[in-house]
Amino acid sequence: MRFLLDAEQRAFAASLDARLTAADTPSVVREWSRGEHGSGRALWRRIADAGVFGLAIPEEYGGLGPRPVELVVAFVELGRHAVPGPLAETVAAAVLLAGLEDTGPAKRLLPALASGEAMATVAPEGSYALDGDVADIRLALAHDGVRLAAGHGPVSRSLDPARRLTPLTEGRELLGGAPFGPALDHARLATAAQALGAGLALLDRTVAYVGQRTQFGVPVGSFQAVKHRLADAKIALEFARPLLFGAALTLDPADIAAAKVGACEAAYAAARTALQLHGAIGYTAECDLSLWLTKARALRTAWGGPRECRELVVSGGGRRW
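Trainee: Any chance you could explain the pattern of salt bridges here in plain terms?
Mentor: One pass over the full model with this rule turns up 14 salt bridges. A salt bridge links arginine 34 to glutamate 36, with the nearest nitrogen and oxygen atoms 3.3 Å apart. Under the relative-accessibility criterion, arginine 34 is labelled exposed at 51%. Exposure remark for glutamate 36: the relative accessible area of 38% places this residue in the partly exposed category. Arginine 67 is paired through a salt bridge with glutamate 70; the nearest N and O atoms lie 3.5 Å apart. Assessed through its relative accessible area of 32%, arginine 67 is described here as partly exposed. Among the residues examined, glutamate 70 registers a relative accessible area of 14% and is labelled buried.

Below is the structure:
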């Protein structure tokens, strides 16, 4: 099935692409990796001004949503530009807060998420959360409901230096019960969209590079073997796109799991191709390509790895946290 964006959605994607291009996101990512969050915070507010986080937040709390298709459009662009921060986690937190039985916490916290004044992270209590050191709202998922964590432990680096992990301290304020399933589904959907964007960026950069790099007096991109590798990567990414937008329309857990497998595996394959065709320069942290290589690898296992998501598809969508 072929999904076509309407004129408004295409304009939204183009506008977000222009904002992110002007922001010089590779520099922002490197600063974020060092624990310097000033430029990342400024970029976060610009993203919020574009309405991105409001797409996951109901209108009564200052948002524009829920609008999952537009959310996917936005997150593809965020992945294409390797934007750092707890992006999918903020979406998951918004869905959790909106689903609480007590609307008090939602009224208090969601407007700040929609406006970009705050960012959120969420993780099961006792496990690691993404960017807990910079998040303003830390939600810990406990057996008795959702708790607002008071703080975080020491920062640990992950495979992707821009994905900084921290344990959450024990949650003190019990916000109440909420179904975890919808939050998990939205986090997976956003992660899949980020992965697709990262894969597209890797492919574009590699196509440009092999057109410039020469061997035996001709561009590397003219070699048949190189063309085949790039074509395989392109086909995988294009096959993942309808899975992603189809899942955004149905919000069925099995469809979302299938979309995450398709998008993340396609992005991972694009990363392997990009690394091989860039040669030795692809291994260097100084090359901007590394920002997308590590992100594609990390997103592959975030919010459920390939095996778990495939099991969900086979089982018809039974949820597991």
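Trainee: What is the right way to look at the packing of aromatic side chains in this model?
Mentor: For any pair of aromatic rings, geometry is given as the distance between the ring centres together with the angle between the planes. Using the criterion set out here, one finds 1 aromatic pair in the structure. When the centroid spacing of 4.6 Å and the interplanar angle of 20° are considered together, the rings of tryptophan 44 and phenylalanine 53 count as stacked.

Trainee: It is not clear to me how the sheet that holds strand S2 (residues 128-130) should be interpreted in this structure. Could you clarify?
Mentor: Strand-to-strand pairing in sheets goes through backbone hydrogen bonds, with the strands running parallel or antiparallel. Ordered in space as S2-S6-S5, the 3 strands form an open sheet in which the pairing is antiparallel. In the strand order of this sheet, the two ends are held by S2 and strand S5 (156-157), each with one partner. Where S2 lies against strand S6 (residues 164-167), 3 bridges are found, and the strand directions are antiparallel. Its bridge partner being in S6, leucine 130 is matched across the sheet by leucine 165.

About the thresholds
Residues numbered from 1 in each chain as written. Predicted model: local features only at pLDDT ≥ 70, side-chain atom pairs only at ≥ 80, totals over all residues. Heavy atoms only, no water. Salt bridge = Lys/Arg side-chain N within 4 Å of Asp/Glu carboxyl O. Buried < 20%, exposed > 50% of the residue type's maximum accessible area, 1.4 Å probe, protein only. Phe/Tyr/Trp six-rings, centres within 6.5 Å; stacked < 30°, edge-to-face > 60°. Pairing = 2+ DSSP bridges. Helix = DSSP H or I, 4+ residues; strand = E, 2+ residues; numbered from the N terminus.

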